[in-house]
Amino acid sequence: MRLLIKYKIPFFLLLAVICGTLLVNSCKKDNSDTVAYFLTNGTWQLAAVQTQTFVGDTLKRTDTLNTNCGLNQLFKFNNNNSCTYSNYHCITQSSAGTWQLASNDLILQTTLAAQDTAKGVVVTKPASVFTNAQIINLGQYSFVLQTGDTSPYYTSKTRRVITRYAFVHCTTCSN
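Residues numbered from 1 in each chain as written. Predicted model: local features only at pLDDT ≥ 70, side-chain atom pairs only at ≥ 80, totals over all residues. Heavy atoms only, no water.

Let us now look at the state of the cysteines. Applying the stated criterion across every chain yields a total of one disulfide. The disulfide that involves Cys69 links it to Cys90, with 2.0 Å between the sulfurs. On the S-S bond that ties Cys69 to Cys90, the torsion sits near 95°, and the link is right-handed. Note that Cys69 is positioned in the loop between strand E2 (58–65) and strand E3 (74–77) and Cys90 in the loop between strand E4 (82–86) and strand E5 (94–101), a separation of 21 residues in sequence. The partly exposed category is assigned to Cys90, whose relative accessible area is 27%. (Disulfide = S-S within 2.5 Å. Helix = DSSP H or I, 4+ residues; strand = E, 2+ residues; numbered from the N terminus. Buried < 20%, exposed > 50% of the residue type's maximum accessible area, 1.4 Å probe, protein only.)

Next comes the structure, spelled out in structure tokens:
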């Protein structure tokens, strides 16, 4: 009994250290749940492009684009904050730039520039691509960006066009 009382304080101290160590290790993060981790964990292949035209908050028209494209459009994010996009808007091309996330991890900012199309005609001057794109959905297998007139402030008569790019995670992609 005296032995138990003699070692009572060191025993509780040891118990406190063990509990503290378990608590600290259980809270350790491996970054596998961050937006940057999901973006850089593979290549993203474009699955669909959709434009929606609104007047105020009323949806007036929905169009699906790139339905007849035979090229793989691939978006690749690298850990060093560089990125590439191949075959943007179904035009054989490869664009490179940098990427970063806004402080809230909901806005993707890139320096990509690529040729675009305007009513079926190729525009030769490179246009900015995904300069400030909203991340609508991001998970292990899917990724959706929204660009265009995405401002939350508009009147009931404001005409807005929003474009959504839907990507799927691709492990064996090729151009």
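As a further point, take the pairing of strand E11 (residues 159–170). Relative to E11, strand E1 (residues 43–55) is paired through twelve bridges, and the arrangement is antiparallel. Counterpart to Val49 in the pairing with E11 is Tyr165. Note: strand E10 (residues 142–148) against E11, seven bridges, orientation antiparallel. Pairing of Gln146 across the sheet is with Arg164, part of E11. (Pairing = 2+ DSSP bridges.)

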